[in-house]
Amino acid sequence: MCFTDPNQGAASAQYIAEQGLGSKIAIIYKNDDTYSMGIRDTFVTKAEELGLDIVSESTFTEDSQTDFSVQLNDAKNAGADLVFLPIYYTPISLILTQANQMGYAPKWFGVDGMDGLLTVEGFDTSLAEGCMLLTPFVATADDEATKAFVSTYEENYGETPNQFAADAYDCIYVLKQAIEQSGVTSDMDASEICDGLMEAITSPDFSYTGLTTAGEAATWSDTGEVSKQPMGMVIQDGVYMPLDA
């Protein structure tokens, strides 16, 4: 159910361009992480196609993700008014903290790895105000399926579900649908069940509409990658809200 890296990178560039969110864009990505690099690569390709002006690109690694002064100064000195962050929420919390300390306040735009930023221990969540990201799930959406899921989840676990919880929920129902469509049964060999599910999910007539598909049907390629529509999210008053609300 998780987005492929190319899907997120291209969709982010498209959204930034369509909404006119930044005139000069910086990118900070993790160069020893295939997730981050994959999103960065497709973002750059799409940004160039759309005429977006990338004025700064800087990287970090697993061993250097505590000090972002070099990356932030490069973005600031280049005049970047939007910083694209194709990385996970823990280093993002440090980037926002250190940017605030140096008086740098661009717009921040991330992908699904940013979801979870508000739960980082010790992080001043006020610094996340206005952060934008593309994600498959917004807990504050007002459709009936999301409201029912969020209500039940909060009753059972005492917290608001993030996109990973919604992805897991959808996974179960994709498997249910694939089981029904393929006709596999519990007395079959495990490899037969696996083959049957794979054949069903990747068939041209298989699709699924759920919590993380933005009201549109998700489909799967013949190699198993999901194609689904991302949603824009912005953090307002310490809450994730639909970006177009």
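Numbering of residues begins from 1 in every chain and follows the order in which that chain's sequence is written. Predicted model: local features are reported for residues with pLDDT of at least 70 only, side-chain atom pairs are reported and counted for 80 or more only, and whole-chain, interface and lining totals are derived from all residues. Side-chain measures here rest on the full set of heavy atoms in the structure, leaving out hydrogens and waters.

S.K.: If you had to explain the overall build of the protein to someone new, which residues and values would you point to?
M.R.: Only DSSP runs of H or I covering at least 4 residues are called helices, and only runs of E covering at least 2 are called strands; the numbering of each starts at the N terminus. Scanning the protein for helices and strands turns up seven helices and nine strands. Its C-alpha atoms give the protein a radius of gyration of 19 Å, within 12% of the compact-globule value 18 Å for 245 residues. Projecting the C-alpha coordinates of the protein onto the three principal axes gives extents of approximately 65 × 40 × 35 Å. Buried residues are those whose accessible area, probed at 1.4 Å on protein chains only, stays under 20% of the maximum for their type, while exposed residues exceed 50% and partly exposed ones sit between those limits. The buried share among the 245 residues of the protein stands at 45%. Note on contacts: a residue pair is in contact if any heavy atoms of the two residues lie within 4.5 Å. Here the analysis covers contacts within the protein between residues at least 6 apart in sequence; of these, 68% occur between residues at least 24 apart. Only the protein chains shown count as cover for residues, and the accessible areas themselves come from Shrake-Rupley with a 1.4 Å probe. Surface exposure of the protein reaches about 12000 Å², of which carbon and sulfur atoms provide 49%. Charged-residue counts in this description rest on Lys and Arg as positive and Asp and Glu as negative, His and the chain ends being excluded. To locate a charge, the coordinates of NZ of Lys, CZ of Arg, CG of Asp or CD of Glu are taken. The positive charge centre, built from 9 side chains, and the negative charge centre, built from 39, are 9 Å apart in the protein. Taken over C-alpha atoms, the radius of gyration is set against a globule rule of 2.2 Å times the number of residues to the power 0.38.

S.K.: Lay out the layout of surface pockets with the relevant residues and their values.
M.R.: By volume, the largest pocket amounts to about 370 Å³. When residues of the lining of the largest pocket are assigned to their parent elements, the largest contribution, three residues, is made by helix 5 (residues 144–157). Taken together, the residues of the lining of the largest pocket break down into eleven nonpolar, seven polar and three charged. Lining residues are those with an atom within 4 Å of a point, where the points come from a 1 Å grid over the protein atoms alone and group into cavities, where a 1.4 Å probe fits but cannot get out, or pockets, open sets with protein on both sides within 12 Å along at least five of seven lines. Grid points are joined across faces, edges and corners, and a volume is the space filled by probe spheres set on the points. Here the second largest pocket is characterised by a volume of approximately 200 Å³. Think of it as three bins: nonpolar holds Ala, Val, Leu, Ile, Met, Phe, Trp, Tyr, Cys and Pro, charged holds Asp, Glu, Lys and Arg, and polar takes everything else, Gly as well.

S.K.: Outline empty space enclosed by the protein, listing residues and values.
M.R.: Within the structure shown, the criterion is met by one cavity of 30 Å³ or more. In this model, the largest cavity occupies a volume close to 30 Å³. Taken together, Phe3, Asn7, Gln8, Ala11, Val111, Leu134, Thr135 and Pro230 form the lining of the largest cavity. The element best represented in the lining of the largest cavity is helix 1 (residues 5–19), accounting for three residues. Partitioned by chemical class, the residues of the lining of the largest cavity number five nonpolar, three polar and no charged.

S.K.: Please set out the side chain of Thr146 residue by residue, giving values where relevant.
M.R.: Checked against the element boundaries, Thr146 lands in helix 5. A relative accessible area of 3% means that Thr146 is categorised as buried. Pairs of N or O atoms within 3.5 Å make up the polar contacts considered here, provided that, within protein, one atom can donate a hydrogen while the other can accept it, and that residues adjacent in sequence are counted only when both atoms are side-chain atoms. In this structure the side chain of Thr146 is engaged in a polar contact, spanning 2.8 Å, whose partner is the side chain of Asp143. The residues contacting Thr146, other than those within four sequence positions of it, are Phe137, Val138, Ala139, Ala141 and Leu211.

S.K.: Pulling in residues and values, what's your account of the pairing of strand 5 (residues 132–135)?
M.R.: Burial of strand 5 is two-sided: the residues Met132 and Leu134 facing one way and the residues Leu133 and Thr135 facing the other way are all buried. Pairing analysis gives two bridges linking strand 4 (residues 107–110) to strand 5, with the strands arranged parallel. Paired with Gly110 across the strands is Leu133, a residue of strand 5. Each pair of strands is called paired provided DSSP finds at least two bridges between the two strands.

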